[in-house]
Amino acid sequence: MLTNLEHIGVAVQDLEAATELYTVLLGQEPYKREHVASEAVDTVFFQVGGSKVELLAGTSPDSAISKYLTKKPEGIHHMAFEVSDIRAEMARLREAGFVLLNEEPKRGADNKLVCFVHPKSANGVLVELCQSI
Ligand SMILES: CC[C@@H](C(=O)O)C(=O)SCCNC(=O)CCNC(=O)[C@H](O)C(C)(C)COP(=O)(O)OP(=O)(O)OC[C@H]1O[C@@H](n2cnc3c(N)ncnc32)[C@H](O)[C@@H]1OP(=O)(O)O
Ligand SMILES: [Co+2]
């Protein structure tokens, strides 16, 4: 079951400048900064009620974020839903015809297991499932 809009991922070119801007916009400091080597991204997290804003900057040209920003402007990159059982949700979505971008859950940021759904199978929106570890 999807239980919450866990975060909105925002792709940015300059993480420090974006962090300053969002600190003013949201009226609070980020609660976490994390490098996720497997995705080649640096992240900054803000808590907003029960959801989060995840700022993402690529750390390598091969990163999904860096590639995205060669074609698209900075902005909303994905939405992430919290799930209680990620394997069960992956099986449910696969069965329903969605294209999953990973066969198995993988380690994401902020102590989560994550899986992505291809935007082409979700009305042009990249969707992330995440389960707390
Ligand atoms: C920090 C860890 C984690 C967390 O814990 O929260 C993260 O959030 S990591 C975030 C970064 N990682 C990912 O995005 C991993 C999943 N993404 C991918 O595997 C790829 O980016 C992709 C979605 C498969 C696209 O890769 P690729 O096919 O190589 O790129 P193309 O440029 O050829 O795109 C094909 C097609 O898809 C459209 N697209 C790409 N990205 C998005 C997007 N974010 N939202 C909507 N649409 C997207 C792209 O425009 C192309 O469309 P067409 O041009 O119409 O063919
Ligand atoms: Co994310």
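Residues numbered from 1 in each chain as written. Chains lettered and ligands numbered in written order. Predicted model: local features only at pLDDT ≥ 70, side-chain atom pairs only at ≥ 80, totals over all residues. Heavy atoms only, no water.

For the chain, the name recorded in an unreviewed UniProt entry is Methylmalonyl-CoA epimerase, with Hymenobacter telluris as its organism. UniProt lists a comment for the chain under the heading Sequence similarities (unreviewed entry), and it reads "Belongs to the methylmalonyl-CoA epimerase family." (UniProt positions renumbered as here; feature names shortened; annotations may be inferred.)

A. Molecular detail of the sheet that holds strand E3 (residues 41-48). Taken together, the 8 strands give an open sheet; going across it, the order is E2-E3-E4-E1-E5-E8-E7-E6, and neighbouring strands pair in mixed fashion. Looking at the sheet topology across the chains shown, the edges are occupied by strand E2 (32-36) and strand E6 (106-107). Relative to E3, E2 runs antiparallel, the two sharing 5 bridges. For lysine 32, the partnering residue across the bridge sits in E3 and is phenylalanine 45. Contacts between helix H2 (residues 64-71) and the sheet are confined to strand E1 (2-11), E3, strand E4 (51-58) and strand E5 (75-83), with E4 contributing the most and set at about 80° to the helix. Strand contacts of helix H3 (residues 86-95): E1, E5, strand E7 (112-117) and strand E8 (127-132), with the helix running at about 155° to E8, the strand carrying the most contacts. (Pairing = 2+ DSSP bridges. Helix = DSSP H or I, 4+ residues; strand = E, 2+ residues; numbered from the N terminus. Contact = heavy atoms within 4.5 Å. Axes fitted to C-alpha atoms, helices over the stretch in contact; angles between N-to-C directions.)

B. Focus on the environment of aspartate 14. One can find aspartate 14 in the loop between E1 and helix H1 (15-26). A sequence separation of 44 residues divides aspartate 14 from glycine 58, and the C-alpha atoms of the two residues are 9.5 Å apart. Within the structure, aspartate 14 has its side chain in polar contact with the backbone nitrogen of glutamate 16 (distance 3.2 Å). (Polar contact = N/O pair within 3.5 Å; in protein donor to acceptor, adjacent residues only side chain to side chain.)

C. Broad picture of the pairing of E1. In terms of strand pairing, E1 meets E5 through 8 bridges, oriented antiparallel. By the bridge assignment for E5, valine 10 is matched with isoleucine 76. As defined by bridge partners, E1 adjoins E4 across 5 bridges and the pair is classed as parallel. Considered in E4, the bridge of isoleucine 8 is made with valine 53.

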